[in-house]
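Residue strings, one per chain:
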Amino acid sequence: MRTQPHPAKRKARAMVRRVAVEVLARTDRPDESMVPNGDVVLLFHHMPDRYLDRMDDVVAMMQELAEPATYAEICATPSETPRFTVTFDDGNLSQMAAAERLTAAGVPACFFIIAKALDADDEEAARICREELWMRPTPFMGPRDLDRLLELGHEVGSHTVGHLNLDQISDDEMAYQIGHSKELLEPWLQEAPHFAWPFGGPGDFNRRAYELITDAGYVSCATAMRGLGSWRPTEQSIPLLFRQSINLDDSLAVQRRFILNSEGFVAPSTAALAYLR
């Protein structure tokens, strides 16, 4: 069981990483003909106005490298040609503006919703932001927003009931977080219910969680670890999706460097030990 690092330490580490990678990216001389060697799944979170144009730039870059696809398509079958899709975690209301822009650009997305935050009042929304997401209070989507996401051609998935670390709770609580969130979101999940676990790392997940996700009827399970495409422990297992977590404070050069080199970040054998320990 892993304890999450203090937000200040996480921020400091992120700053060091950003400076180091920016230096590397500025020394790159990428071949413009390079394309991702597999499916790319982008991951965004809270989308304040200042990030919208930067998101557009990342998406436009991806459109030059790969074809847009739905999340369900990427989960279902691998492709011989590069594809990409977009995902968002948590269900912040700020993501609705991003959804509109993506539809205008012809790019589908999947939004992973914290079920308890759906239409939460101001007090509860603020608590979730402070205690579970470590961020300043921000509004969350409501049921009408999920309806609008579907109208725009996007998908809806589950991000648990309350954004708890699945590796730090009992089996009963884990089953509730996984199963009840699906029940709460069932009107929007339709035929392709997808799941993304909170925090998204190998230390935030375990074999029992994977079994409960499968038993609940989900057809995919998303990580927040860099890599391309998906990996299945067995041919019958639901896929684990690797995602490119995009920090929009990074430059476009950094985004490109991570995406084009991401196949080196995660190997299936490492994933097997980490996720299903």
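Here's what I pulled together on the structure shown here. (Residues numbered from 1 in each chain as written. Predicted model: local features only at pLDDT ≥ 70, side-chain atom pairs only at ≥ 80, totals over all residues. Heavy atoms only, no water.)

### Brief notes about the packing of aromatic side chains
So, point 1. In the structure shown here, the tally under the stated rule is six aromatic pairs.
So, point 2. With a centroid separation of 5.6 Å and an interplanar angle of 80 degrees, the aromatic rings of Tyr71 and Phe112 are classed as edge-to-face. Residue Tyr71 is located in helix H3 (residues 71-76), and its partner Phe112 is located in strand E4 (residues 109-113); the two are separated by 41 residues in the primary sequence. Here Tyr71 and Phe112 have matching classes, each one buried.
So, point 3. Measuring from ring centre to ring centre gives 4.7 Å for Phe88 and Phe111, while their planes differ by 5 degrees; the resulting arrangement is stacked. With Phe88 in strand E3 (residues 83-90) and Phe111 in strand E4, this residue pair connects regions lying 23 residues apart in the sequence. An identical accessibility class is assigned to Phe88 and Phe111; each is buried.
So, point 4. Grouping aromatic residues by their ring pairs yields a cluster made of Phe44, Phe88 and Phe111.
So, point 5. The positively charged end of Arg50 is found above the aromatic ring belonging to Tyr51, 4.7 Å away from the centroid. (Phe/Tyr/Trp six-rings, centres within 6.5 Å; stacked < 30°, edge-to-face > 60°. Helix = DSSP H or I, 4+ residues; strand = E, 2+ residues; numbered from the N terminus. Buried < 20%, exposed > 50% of the residue type's maximum accessible area, 1.4 Å probe, protein only. Lys NZ or Arg CZ within 6 Å of the ring centre and 35° of its normal.)

### Regarding the pattern of salt bridges
So, point 1. Applying the stated criterion across every chain yields a total of 14 salt bridges.
So, point 2. Among the salt bridges present, the one from Asp53 reaches Arg101, with a minimum N-O distance of 2.8 Å. Of this pair, Asp53 sits in helix H2 (residues 49-65) while Arg101 sits in helix H4 (residues 95-105), and the two are 48 residues apart along the sequence.
So, point 3. Relative accessible area serves as the criterion here: at 30%, Arg101 is assigned to the partly exposed category. (Salt bridge = Lys/Arg side-chain N within 4 Å of Asp/Glu carboxyl O.)

### Quick word on the packing of H4 against helix H6 (residues 143-151)
The relative placement of two packed helices comes down to the angle between their axes together with the axis-to-axis distance.
So, point 1. Running from N to C, H4 and H6 cross one another at 15 degrees; their axes reach a closest spacing of 10 Å. Put simply, H4 runs roughly parallel to H6. Both H4 and H6 take part in a crossing whose hand is left-handed. Of the residues in H6, those touching H4 at Met96, Ala99 and Glu100 are Asp145, Arg148 and Leu149.
So, point 2. Per-class residue counts for the contact of H4 with H6 are three nonpolar, no polar and three charged. (Axes fitted to C-alpha atoms, helices over the stretch in contact; angles between N-to-C directions. Parallel < 35°, antiparallel > 145°, perpendicular 65-115°, else oblique. Left-handed = near helix turned anticlockwise from the far one by under 90°. Contact = heavy atoms within 4.5 Å. Nonpolar A, V, L, I, M, F, W, Y, C, P; charged D, E, K, R; others polar.)

### As for H2
So, point 1. End to end, H2 covers 26 Å across 17 residues, agreeing with the expected 24 Å (1.5 Å per residue, within 8%).
So, point 2. Within the span of H2, buried status applies to Tyr51, Leu52, Met55, Val58, Val59, Met61, Met62 and Leu65.
So, point 3. Buried positions along H2 lie against strand E1 (40-44), E3, H4 and helix H9 (252-260). (Expected span 1.5 Å × (residues − 1).)

### Looking at the packing of helix H7 (residues 171-189) against helix H8 (residues 207-215)
So, point 1. Running from amino to carboxyl end, H7 crosses H8 at an angle of 40 degrees, the nearest separation of the two axes being 10 Å. In terms of orientation, H7 lies oblique with respect to H8. For the crossing formed where H7 meets H8, the hand is right-handed. Packed against H7, whose contacting residues are Asp171, Met174, Ala175 and Ile178, the element H8 presents Arg208, Ala209, Leu212 and Ile213 at the interface.
So, point 2. Considering only residue class, the contact of H7 with H8 consists of six nonpolar, no polar and two charged.

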